[in-house]
Every structure is written in structure tokens, then in C-alpha cells.
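# Structural characterization, general
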Amino acid sequence: MIWTVTQALLNGLITTFEIFIFTLALALPFGLILAFGAMSRVKILRYFVQVLVWIIRGTPLMLQLIVMFYGPGMLGLNIWSGDEAGRIAATVVAFSINYACYFSVIFKGGIEGVPAGQREAGEVLGMTKSQIFFRVTLLQMVKRVVPPMSNEIITLVKDTALARTIAAYELTFAGYSFMKSAGLVWPLFYTGVFYLAFVGVLTLLFGYFEKKLSYFR
Amino acid sequence: MAILEANHIEKHFGSTKVLKDVSLSLEEGNALAIIGSSGSGKTTLLRCLNFLEIPNAGTISVKGETLFDASLSAKEWEKDIRKKRLHFGMVFQSFNLFPQYTALENVTLAEKLLAEEKPDFKKNKKEIFHAIEEHGKELLRQMGLESRMGHYPHQLSGGQQQRVAIARALALQPDILCFDEPTSALDPELTGEVLKVIRGLADRKTTMIIVTHEMAFARDVADRIIFMDDGVIVEQGDARQVIDNPVEERTKQFLARYTQG
Ligand SMILES: Nc1ncnc2c1ncn2[C@@H]1O[C@H](COP(=O)(O)OP(=O)(O)O)[C@@H](O)[C@H]1O
Ligand SMILES: [Mg+2]
């Protein structure tokens, strides 16, 4: 039995992993764009980002996921196919928008946190804008951003469980299905081991990055 | 002929006029000290000279070449702005060293980046970088930091950091070196080592503008002193003259606050 359960859970873990990776791949660049939008000189752009961040941070992610999955169909736009791939796609899009907003706030803080004096010191030394960005400010931003980003990314691992709401067959759903089909509770408990291993690997990775960047302040 | 001529400089931030028709000139090899209470526009003046702020009016020329003229369009004078900036060096009150680089890397970074733009760079990269590093080490030795070259800024005391910043500003051999209150962010026991280094530069006839609150130092080291108040130059003259026998009432009041302690 344990082997059957393990196999089923590993299957779910693959979906969990897919949601995680695709969300990150989209939310990181989108978050950076939103951060630039929030700091833009164009007022409308700044307001747009402010309103978006307010909506996304002000409502539950589960609600956003449901709206993303059922909303288009109610408007007659069937963009999500009814199969597993469609559910995963809807999840990734909803998660990406949500996480991009949280990331944008972190990125903005990281960019604005580098003192103006750093840029000015580069300018008076005759550096170009791109030299100042790549040689002076970028690494300082990365250093500022790594700790809050690791928090968010670890939260993302656990948020993938919400995909069960629209019946995407991820890890928690895989565990839960044994409760319905066989009346077993322990497979659901057992999923915790997989989440802990996943988060454990990430924690080691982020610890490594932070250590790499600890040679300066 | 003066190496630096700044004429009728004005700077506004919104409706506040921070510099009102400021003119100054500086002879090659001379040190000019600028004194005045906080908020009088000293920092803004240095920032205008380094093009960190753009004056609303006036002209700036170095060695007879007009670097800035407010009557020209931004496009016209911004041409070669990077090259124009290199006439000036700047030492900031808060050092502004790059934290991710060692003392030596801080000193050599800009010189290396400039060298990369030279046509013969690819061919002689090794020799060029070697020469730049030797130059950087020599500057740090002059600052008394031979044993600190591989240290990161956070591993150095404030006084050591400011000396690295001075070496960094000297590395590109600016015509005029500007100091904005170089010792104001330091603990009192560390100001001496920085002032000593600046004194050494003056002895070697480095052309300098020093904004400072160290009156005794200004009197000793500077050739001339400018006293600023509320965005205008109230009094200027021979350093000892201004400190010992100020003419203007406002200068007397300002100096009285310092001598009373
Ligand atoms: N970026 C700025 N925006 C608005 N006001 C400024 C700015 N920079 C300086 N000021 C104002 O200009 C005045 C002169 O400042 P500053 O040049 O720093 O004086 P000092 O260096 O003599 O203390 C102050 O009243 C200050 O508040
Ligand atoms: Mg100042």
C-alpha cells in the first residue's frame, strides 16, 4: 500500500513542481516590470500598478484562482481546456499575477534601497549608466532582495496546494484522494514529508546564496 | 589664468533659490576652502561643479574650456558629459565607497572601465590592468593604507574608508579635487588622519576645493576662503585674512560661534 501511495504522491508532486517552476519563471520578470511601472515617471502607470497590487494583496489567492478558472467561461471565453493541462495553465497564470505583485514590492524596495550616493559616486568617476547598473548597484540590489524573496518563494511551494480548489491533481489533491476512495487519512499526512523535502532543498539553496553575498555589507 | 571659473551660478529647487549668483575662480595648485553654516548651499555648489545638479543659470569653465553654459540647450552641453565630469574629483561626506569591492578595487574600477574603451585595450589588456593596479596600490600607499588594500569597506574604520575614497578620486587624476565635509561623518579621534592626508595633498600643490567646518584646518591649509550664507558668497579672500580679520558682520557672527566652541 505504501508503495502505491508513494507513487500517487510522486505523480502529484510533479504537478506541484510544474506549477512552482512556471509560476516563478513568469512572476520574476513580470514582477520586475511591475516594479519599474511603480517607479515610473508616468502617473497612469504608477496608479495602474498601485491598484493591481491593492486588488491582488487585498483578496485571497484562492478567490483569484477561482475567478481565473471560471471567469473567462462565464464571459463566453473558453480559454482553459477542461483537462489537467488547462487547470495547471489557469493556476500558473493566476499564481504568476499574484506573485508578480508581491515580487514587485520586494524589487522596488531593493532598487530604492541602494543609496543614491552609490550611483553618484559612479557618475563622478565617469561611468556610464549601464556600467553603474551592472558594476555598482545590481549586486547590492540582489543582496537586499534575496532574504525577502526566499520567504515568498517558500510560501509559493505551500500555496500550490490551493490548485486542488479547481481540481488540479497536485500533491495535496493526490493525498486527499485516498481519503475519498479508501477512507485513508495517513496519505494526506504523508504529503507533509514531500513538502518538507521540497522546502528543505530551497532553504539550503537560499542559504548558499546569502552566504555567497555575505562578504560585503 | 585661473584653472576654474564658475560665473553667475544659480540653482533652484522648485521655488527655493539655493544658489543666487555665485561666482568663483581658482588658481592651479591652490586650495580653496568654503565655509558657512549648514543649509547655505555649499554642497549644492560642489554638486553643480560635478554635474550632479544642473545649474539653472551660469557658466563653468576649466582651463579655458567652457564645460557648462546654462544658455545652451541640454543636448548641446550634455555631449561628452562623462569626459567633462573627469575634470573634477569628488570626495563625499559619507564616503560612498562601493561595498562589494575591496579598497584596491574601489580605487581601480573606474580607471579599468575607462581603459576598456581604448582601441588598443584587447591587445594589451594584461599590461594595462597591471599598470592600473600598480597605480592604485601606489595611491593607497600614499594614503597610508598599504596593509588594507584587500579589505572591504565594512572592514575599515571611517577614517580609512574616507582615505580610500580620496585615493579613488585621485586615481583618474582630476584637475580639481572637491571635498564635501570630508570629516563630518567621522568620530572626532579619526578626523586627524584624514585632515593629514588632505594637508599632504595641499603640500604637493593639488588643486582643491574643500567644504569644511574645521576652521583651524581651513586657515592653515587653504590659500583662499569663501564664506557662504543663504546661497550667496558673503566674503572671500586670503585664508588667514578671512578667519583672523573678517570684514563682514555675518562672517564675524559665524566665526564667533566656532571660536566660542
Ligand atoms: N534636492 C534638493 N531638493 C530640495 N531642496 C534641496 C535639495 N538639495 C538641497 N536643498 C536645499 O538647499 C539648501 C542648501 O543645501 P546644501 O547645499 O546641502 O547646504 P550645505 O551643504 O551648505 O549645508 C538647503 O536649504 C536644502 O534644504
Ligand atoms: Mg553640505
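Residues numbered from 1 in each chain as written. Chains lettered and ligands numbered in written order. Predicted model: local features only at pLDDT ≥ 70, side-chain atom pairs only at ≥ 80, totals over all residues. Heavy atoms only, no water.

The next subject is the packing of helix α1 (residues 2-38) of chain A against helix α7 (residues 171-182) of chain A. Residue and element names in this part refer to chain A. Between α1 and α7, the least distance of the axes is 7 Å, while the angle of their chain directions is 150°. Comparing the axis directions of α1 and α7 gives the class roughly antiparallel. Here α1 runs over α7; the crossing is right-handed. In this structure, α1 contributes Thr 4, Val 5, Ala 8, Leu 9, Gly 12, Leu 13 and Thr 16 to the contact, and α7 contributes Leu 171, Ala 174, Gly 175 and Phe 178. Class assignment for the residues of the contact of α1 with α7 results in seven nonpolar, four polar and no charged. (Axes fitted to C-alpha atoms, helices over the stretch in contact; angles between N-to-C directions. Helix = DSSP H or I, 4+ residues; strand = E, 2+ residues; numbered from the N terminus. Parallel < 35°, antiparallel > 145°, perpendicular 65-115°, else oblique. Left-handed = near helix turned anticlockwise from the far one by under 90°. Contact = heavy atoms within 4.5 Å. Nonpolar A, V, L, I, M, F, W, Y, C, P; charged D, E, K, R; others polar.)

Let's shift gears to the pattern of salt bridges. Evaluation of the coordinates by the stated rule reveals 17 salt bridges over all chains. Note that Glu 123 of chain A and Arg 85 of chain B form a salt bridge whose closest N and O atoms lie 3.5 Å from each other. Of this pair, Glu 123 of chain A sits in helix α5 (residues 116-124) while Arg 85 of chain B sits in helix α3 (residues 81-85), which puts the two residues in different chains. The residues Glu 123 of chain A and Arg 85 of chain B share a single accessibility class, namely buried. Salt-bridge contacts for Lys 137 of chain B lead to Glu 134 of chain B; the nearest nitrogen and oxygen are separated by 3.8 Å. Within this pair, Lys 137 of chain B and its partner Glu 134 of chain B are both found in helix α5 (residues 121-142), separated by three residues, close to a single helical turn. Judged by its relative accessible area of 35%, Glu 134 of chain B falls in the partly exposed class. Overlapping salt bridges bring together Arg 199, Arg 219, Asp 220 and Asp 244 of chain B as one network. (Salt bridge = Lys/Arg side-chain N within 4 Å of Asp/Glu carboxyl O. Buried < 20%, exposed > 50% of the residue type's maximum accessible area, 1.4 Å probe, protein only.)

To continue, consider the interface of chain A and chain B. A common measure of how large an interface is: the accessible area buried when the components associate. Contacts between chain A and chain B engage 19 residues on the former and 24 residues on the latter. Between chain A and chain B, the buried area comes to about 2,100 Å², and carbon and sulfur atoms account for 60% of it. Contact with chain B buries surface across chain A, with Val 124, Leu 125 and Arg 135 of chain A losing the most and accounting together for 31% of the total. Remark: the boundary between chain A and chain B carries three salt bridges. Taken together, the connections running from chain A to chain B amount to 11 residue pairs in polar contact (both at pLDDT 80 or more). Elements supplying a minimum of two residues to the side of chain A that touches chain B: α5 and α6 (129-159) of chain A. Among the elements that take part in the side of chain A that touches chain B, α5 of chain A stands out by supplying seven residues, more than any other. Considered class by class, the residues forming the side of chain A that touches chain B number eight nonpolar, seven polar and four charged. (Buried area = accessible area lost by both parts, 1.4 Å probe. Polar contact = N/O pair within 3.5 Å; in protein donor to acceptor, adjacent residues only side chain to side chain.)

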